Amino acid sequence: SAVISQKPSRDICQRGTSLTIQCQVDSQVTMMFWYRQQPGQSLTLIATANQGSEATYESGFVIDKFPISRPNLTFSTLTVSNLSPEDSSIYLCSVEGRGTSTDTQYFGPGTRLTVL
Amino acid sequence: KQEVTQIPAALSVPEGENLVLNCSFTDSAIYNLQWFRQDPGKGLTSLLLIQSSQREQTSGRLNASLDKSSGRSTLYIAASQPGDSATYLCAVAGSARQLTFGSGTQLTVLP
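Attention here is on the structure that accompanies the text. (Residues numbered from 1 in each chain as written. Chains lettered and ligands numbered in written order. Predicted model: local features only at pLDDT ≥ 70, side-chain atom pairs only at ≥ 80, totals over all residues. Heavy atoms only, no water.)

Quick look at the state of the cysteines now. A covalent bond bridging the sulfur atoms of two cysteines is what the word disulfide describes. Under the defined criterion, the tally for this structure stands at 2 disulfides over all chains. Across a sulfur-sulfur distance of 2.0 Å, Cys-23 of chain B and Cys-90 of chain B are joined as a disulfide pair. When the S-S torsion is -60°, as for the bridge of Cys-23 of chain B with Cys-90 of chain B, the disulfide is left-handed. Of the two residues, Cys-23 of chain B sits in strand β3 (residues 19-25) while Cys-90 of chain B sits in strand β9 (residues 86-93), which places them 67 residues apart along the sequence. By relative accessible area, which is 2% here, Cys-23 of chain B ends up buried. Free cysteine: Cys-13 of chain A, not disulfide-bonded; nearest cysteine sulfur from Cys-93 of chain A at 17 Å. (Disulfide = S-S within 2.5 Å. Helix = DSSP H or I, 4+ residues; strand = E, 2+ residues; numbered from the N terminus. Buried < 20%, exposed > 50% of the residue type's maximum accessible area, 1.4 Å probe, protein only.)

The following block contains the structure:
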């Protein structure tokens, strides 16, 4: 299995600001994913972040709002820009690939964002 | 677009009962199917993964089945315990490994 940490674990932000979330894995992995879980909802994929290439965004998510970096095989960041109360959610990263059991996705503990 | 449905949305059972959680998906062209557990305020824990070529997987008191042609999976929990109380999520992986999640079944096991 993979051990994944996220920072911050929670934050309260003002409307119009941005928050950058970090995801760190204890082993090198090929594929990293960012998900959003809105209050009372299930998880929705935001984007796939593979090292050495641009992130691939799902329908309804755009790079200007959710820029992602993937500088190496153990780290990624997701920025949520120009925050509004509708962005209040839990944001989770997950990994699959080298260093993990084949095909299983492992999730970080999540970052709980509240926008005032 | 893949859609995943889980029934029931909530389930409450007395300790010791065997139970079945249901998951259905609309596109049978899946890479694999995973069952996760989510505890309040915590991340997701992977329970079982079934490859698209497999029919079932077992881990301890858990057994998951997959019928890809009919777009269905079940998670069977034997001899339920209060510690099993959590939200159970079914997720289907596409060819790019992206997961589409169901809305979950909130399970409460009463002592």
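There's more to say after this.
All names here are of chain B. Bridge analysis of strand β4 (residues 32-38) against strand β5 (residues 44-51) gives 7 bridges, and the strand direction is antiparallel. Bridged to Gln-34 within β5 is Leu-49. The loop that links β4 with its antiparallel partner β5 comprises 5 residues; one of these, Gly-41, has a positive phi angle of about 75°. (Pairing = 2+ DSSP bridges.)

Moving on, we get to the environment of Ser-27 of chain A. Residues and elements named next belong to chain A. The residue Ser-27 is located in the loop between β3 (19-25) and β4 (31-37) in this model. A relative accessible area of 18% places Ser-27 in the buried class. For the pair Ser-27 and Ile-4, spaced 23 residues apart in sequence, the C-alpha to C-alpha distance is 9.1 Å.

A few words on the pattern of salt bridges. Residues and elements named next belong to chain B. By the definition in use, this model includes 4 salt bridges over all chains. Between Asp-39 and Arg-37 there is a salt bridge; the shortest N-O distance is 3.0 Å. Under the relative-accessibility criterion, Asp-39 is labelled buried at 18%. Across the pair Asp-84 and Arg-61 runs a salt bridge whose closest N-O atoms are separated by 2.8 Å. (Salt bridge = Lys/Arg side-chain N within 4 Å of Asp/Glu carboxyl O.)

Of the residues lining the interface, 17 residues belong to chain A; the matching set on chain B comes to 20 residues. In total, chain A and chain B occlude about 1300 Å² of area from one another, counting both sides; carbon and sulfur atoms represent 53% of this. Applying the counting criterion to the chain A and chain B interface returns 6 residue pairs in polar contact (both at pLDDT 80 or more). Counting residues per element, the ones that place at least two in the side of chain A that touches chain B are β4, β5 (43-50) and β9 (89-96) of chain A. Looking at the side of chain A that touches chain B element by element, the count peaks at 4 residues for β4 of chain A. Of the residues contributing to the side of chain A that touches chain B, the split by class is 8 nonpolar, 6 polar and 3 charged. (Contact = heavy atoms within 4.5 Å. Buried area = accessible area lost by both parts, 1.4 Å probe. Polar contact = N/O pair within 3.5 Å; in protein donor to acceptor, adjacent residues only side chain to side chain. Nonpolar A, V, L, I, M, F, W, Y, C, P; charged D, E, K, R; others polar.)

In terms of nonpolar packing, the biggest core is built from 26 residues, with Trp-34, Ile-46, Leu-78, Tyr-91 and Val-95 of chain A touching the most fellow members. At the level of elements, β3, β4, β5, β8 (75-80), β9 and β11 (111-115) of chain A are the ones that each hand at least two residues to this core. When residues of this core are assigned to their parent elements, the largest contribution, 4 residues, is made by β3 of chain A. One finds Val-4, Leu-48, Ile-77 and Tyr-88 of chain B within the second-largest nonpolar core, a separate group that totals 22 residues. (Core = buried A, V, L, I, M, F, W, Y, C linked by side-chain atoms within 4.5 Å.)

Worth remembering: the numbers are spatial, not functional.
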